[in-house]
Amino acid sequence: MEWTIFESEFKTSTEEFKLTDRDNLRRLNKSLQDKARKTVESLLSSPDNVQQIMRMLKSNFGRTEWVVANRLETLRNLESIKEGNIESFRVFYNAVIGTKVAMQNVKADNYLMNPELISHLTEKLPAFSKQMWVRHKAALMKENVVIDFNIFSRWLEDEMDNQLASLNPVFSAKKSNFSLKPKQIVLNVNSREGEETAKCPLCSSRSHASLEKCEQFRKLSVAQRRSAANSCKVCYTCLRADNTRRNCKSKKKCSICEKNHHELVHNDELPMTTASRRPDTQDSQMNVCNVNGKNVNTRLRVGKVKIRGPNAVEEVFAHHHLELSYYSVQISPPGITEDSNW
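Trainee: Explain the overall build of the protein to me, using residue names and the numbers behind them.
Mentor: Secondary structure summary: the protein contains 11 helices and 6 strands in total. Split into buried and exposed, the 342 residues of the protein put 32% on the buried side. Sequence separation of at least 24 residues holds for 47% of the intrachain contacts in the protein that already meet a minimum separation of 6.

Have a look at this one:
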């Protein structure tokens, strides 16, 4: 803390709270540190020494010429103000006004009459402010006004107000919540088991991620459900879009046929692929095959093949199913008169 501030606070508080020398000695013992304490350490034993302590402190740390030298050195070390830089202008303003007040506190106003000091500060002003000060100074000299530090500081206060008034307040624009980019789904690794973080692949609701819980999906017919499941690319076992039947960990089976699919996509009347037959053959049983002694509907893979006989080559449609290990095709081209099995 500078001596001028310390001395002013010490005197003001003593008068305001009517403190005794004993009270002030306690305060000095608590507040003095380092070099200041060592200077008056021998006097801190008695309250009768308070006035002498203050005189010694002022002699060592509060001499007027030291205060003036310190403040003038601060002004000399100020950087030149950059044009349009309000922050550097603020630093310059604070230093000048602070020096004025400090000089007045130590009754050293005569040091402020130095014209060289004002000329030195004028050179640190930006070009436009320098021009304004020259005009103001010329107007005062016409009225025979003596230019001193007080007049320069009062002009500087007005110039600081003008600098601040020229600033336009900038308010940060409120960010819109709307974005052209879709929001990414954030999966919380700390979420509890069973919490749904994805959205429904059909209705886009975030209350569920499986078509099993989708009311819109349940209202569809079986054929429409199967079509929707294919379009949404969901697993036929759990009806979720975040995995496939191959890597699905669900052990759920159809409650109707016990097969590895969900009962919502179960269909007893699946259309069969055309059985292997000649293109011009009309057969009402072409969608039925015999498996383990039962006639069932099934999907078959069909391929066009050529069968060579002794006298001719016949093109037929052969079918294959993963659950069948045996199948036959009835052909009757020239040269072949019996069933050919393969």
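Trainee: Got a sec to walk through helix α5 (residues 64-76)? Specific residues and values, please.
Mentor: Taking 1.5 Å as the rise per residue, α5 with 13 residues should run 18 Å; its terminal C-alpha atoms sit 18 Å apart, in good agreement. All of the buried residues along α5 are V67, V68, R71, L72 and L75. Buried residues in α5, looked at end-on, bunch into an arc of 125°, giving them a common side. As for α5, its buried residues are in contact with α1 (3-17), α6 (86-105), α7 (115-122) and α9 (149-165).

Trainee: How would you summarise the state of the cysteines if you had to cite specific residues and measurements?
Mentor: Inspection of every chain in the model, using the stated rule, returns 0 disulfides. Take C203: it sits in no disulfide, and the sulfur closest to it among the cysteines is that of C200, at 3.6 Å. Assessed through its relative accessible area of 29%, C203 is described here as partly exposed. Between C214, a free cysteine, and C203, which holds the nearest cysteine sulfur, the sulfur-to-sulfur gap is 3.8 Å. By relative accessible area, which is 1% here, C214 ends up buried.

Trainee: Tell me about the pattern of salt bridges, residues and numbers included.
Mentor: Taken as a whole and judged by the stated rule, the model has 7 salt bridges. E7 is the salt-bridge partner of K11, the closest N and O atoms lying 3.4 Å from each other. One end of the pair is K11 and the other is E7, both in helix α1 and 4 residues apart, which spans about a single turn. The class for K11 is partly exposed, based on a relative accessible area of 47%.

Trainee: An account of α1 is requested, with residue identities and associated values reported.
Mentor: Helix length check: α1 (15 residues) gives 21 Å between terminal C-alpha atoms against 21 Å at 1.5 Å per residue, within 8%. Here α1 has its buried residues at W3, T4, F6, E7, F10, S13 and T14. One or two positions beyond α1, positive phi appears at K18, with a value near 50°.

Trainee: An account of the environment of C200 is requested, with residue identities and associated values reported.
Mentor: Along the chain, C200 turns up in the loop between α9 and α10 (215-218). When its relative accessible area of 1% is taken as the criterion, C200 is described as buried. Along the primary structure C200 and C214 are separated by 14 residues, whereas in three dimensions their C-alpha atoms are 7.4 Å apart. Sequence-distant contacts of C200, defined by excluding residues within four places in its chain, comprise S205, H208, A209, L211 and C214.

Trainee: So what about the packing of helix α8 (residues 127-142) against α9? Which residues, and what values?
Mentor: Where α8 meets α9, the closest approach of the two axes is 11 Å, and the angle between their N-to-C directions is 135°. As judged from the angle between their axes, α8 and α9 are oblique. α8 and α9 meet at a crossing whose hand is right-handed. Note on element contacts: α9 touches α8 through I151, F152, W155, E159 and Q163, opposite S129, M132, W133, H136 and L140. Among the residues making up the contact of α8 with α9, the classes are represented as 6 nonpolar, 3 polar and 1 charged.

Reading guide: rules and limits
Residues numbered from 1 in each chain as written. Predicted model: local features only at pLDDT ≥ 70, side-chain atom pairs only at ≥ 80, totals over all residues. Heavy atoms only, no water. Helix = DSSP H or I, 4+ residues; strand = E, 2+ residues; numbered from the N terminus. Buried < 20%, exposed > 50% of the residue type's maximum accessible area, 1.4 Å probe, protein only. Contact = heavy atoms within 4.5 Å. Expected span 1.5 Å × (residues − 1). Arc of directions from axis to C-beta. Disulfide = S-S within 2.5 Å. Salt bridge = Lys/Arg side-chain N within 4 Å of Asp/Glu carboxyl O. Axes fitted to C-alpha atoms, helices over the stretch in contact; angles between N-to-C directions. Parallel < 35°, antiparallel > 145°, perpendicular 65-115°, else oblique. Left-handed = near helix turned anticlockwise from the far one by under 90°. Nonpolar A, V, L, I, M, F, W, Y, C, P; charged D, E, K, R; others polar.

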